[in-house]
Amino acid sequence: MNTKSATQLSITIDISDINVIEVTQDKDSNWIFTVATRSNTAVCGVCKKDILCQHGCGRMIELRHLSILGKATYIRIAPKRGKCPDCINSPTTSQKVDWYEPYSPHTKAYDAHLMRQLKGSTVMDVSRIENVGYDAILGALKRQIPIEIAWDGIQDLETIGIDEVS
């Protein structure tokens, strides 16, 4: 007796406050999750007040996320937009969420994964292993490592070495 049963697999993508609208695979079997945020508010880019997102959505963006079952995973989202009723000319603002940086091609979780991959490896090695461009790795590095020094957190400099090399 030959019976076929549908196998179901539940996978978490560890992104909070989203609804998964669709899950598909592309021609290379990479996973594509189309999502929408649950929140209906944004912070006005001018006055910093909370505004309702009732002005449609921005363009669809695609972000690289952590791999699932050995296949690249992408998150597609069209950020919700709101119009500020309090500011002059009622500017529109796109919703910002905590799991990706604006203008980044990756989620924050994927940037952190790339940083872990860089331990003991070169940027070129990680670029080849992850099938991500060299400049994308450098961008993740810049987003993960602060450029400025937080001098307020430093209490005392006990020893400072000064020589012709430094």
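Residues numbered from 1 in each chain as written. Predicted model: local features only at pLDDT ≥ 70, side-chain atom pairs only at ≥ 80, totals over all residues. Heavy atoms only, no water.

A. Expanded view of the nonpolar core. Listed in full, the twelve residues of the largest apolar core are Ile13, Ile15, Ile18, Phe33, Val35, Ile61, Leu63, Ile68, Ile75, Ile77, Trp99 and Tyr100. Tallying contributions element by element places strand 5 (residues 61–68) first for this core, with three residues. Among all residues touching Tyr100, those that are not within four sequence positions of it are Ile61, Leu63, Ile77, Pro79, His106, Thr107 and Lys108. By size, the runner-up hydrophobic cluster in this structure holds ten residues, among which are Leu114, Leu118, Val123 and Ala140. (Core = buried A, V, L, I, M, F, W, Y, C linked by side-chain atoms within 4.5 Å. Buried < 20%, exposed > 50% of the residue type's maximum accessible area, 1.4 Å probe, protein only. Helix = DSSP H or I, 4+ residues; strand = E, 2+ residues; numbered from the N terminus. Contact = heavy atoms within 4.5 Å.)

B. The arrangement of unusual backbone geometry in detail. Non-glycine residue Asp14 carries a positive phi angle of around 55 degrees. With respect to the helices, strands and loops of the structure, Asp14 is situated in the segment before strand 1 (18–25). Assessed through its relative accessible area of 65%, Asp14 is described here as exposed. Even without glycine at this site, Ser29 takes up a positive phi of about 65 degrees. Inspection of the secondary structure assignment puts Ser29 in the loop between strand 1 and strand 2 (31–37).

C. Structural context of the packing of helix 1 (residues 108–118) against helix 2 (residues 123–130). Running from N to C, helix 1 and helix 2 cross one another at 125 degrees; their axes reach a closest spacing of 9 Å. In terms of their interaxial angle, helix 1 and helix 2 are classed as oblique. For helix 1 against helix 2, the interelement crossing comes out right-handed. Across from Tyr110, His113, Leu114, Gln117 and Leu118 in helix 1, the residues of helix 2 making contact are Val123, Val126, Ile129 and Glu130. In terms of residue class, the contact of helix 1 with helix 2 is built from six nonpolar, two polar and one charged. (Axes fitted to C-alpha atoms, helices over the stretch in contact; angles between N-to-C directions. Parallel < 35°, antiparallel > 145°, perpendicular 65-115°, else oblique. Left-handed = near helix turned anticlockwise from the far one by under 90°. Nonpolar A, V, L, I, M, F, W, Y, C, P; charged D, E, K, R; others polar.)

D. Just the layout of surface pockets, in detail. The space that makes up the largest pocket amounts to roughly 370 Å³. Along the walls of the largest pocket sit 18 residues, with Ile61, Pro79, Tyr100, Pro102 and Tyr103 positioned nearest its centre. Counting only elements with at least two residues in the lining of the largest pocket, the list comes to strand 5 and strand 8 (92–94). Top element by residues in the lining of the largest pocket is strand 5. It accounts for three residues. In the lining of the largest pocket, the residues fall into eight nonpolar, five polar and five charged. As a volume, the second largest pocket reaches approximately 250 Å³. Together, 17 residues line the second largest pocket, and Thr41, Gln95, Lys96, Val97 and Asp98 are the ones closest to its centre. Elements with a contribution of two residues or more to the lining of the second largest pocket: strand 3 (41–43) and strand 8. At three residues, the largest contribution of residues to the lining of the second largest pocket is made by strand 3. (1 Å grid on protein atoms, 1.4 Å probe; cavity = no way out; pocket = protein on both sides within 12 Å on 5 of 7 lines; lining within 4 Å. Points joined across faces, edges and corners; volume = space filled by probe spheres on them.)

Treat this as a map of the structure, not an account of what it does.
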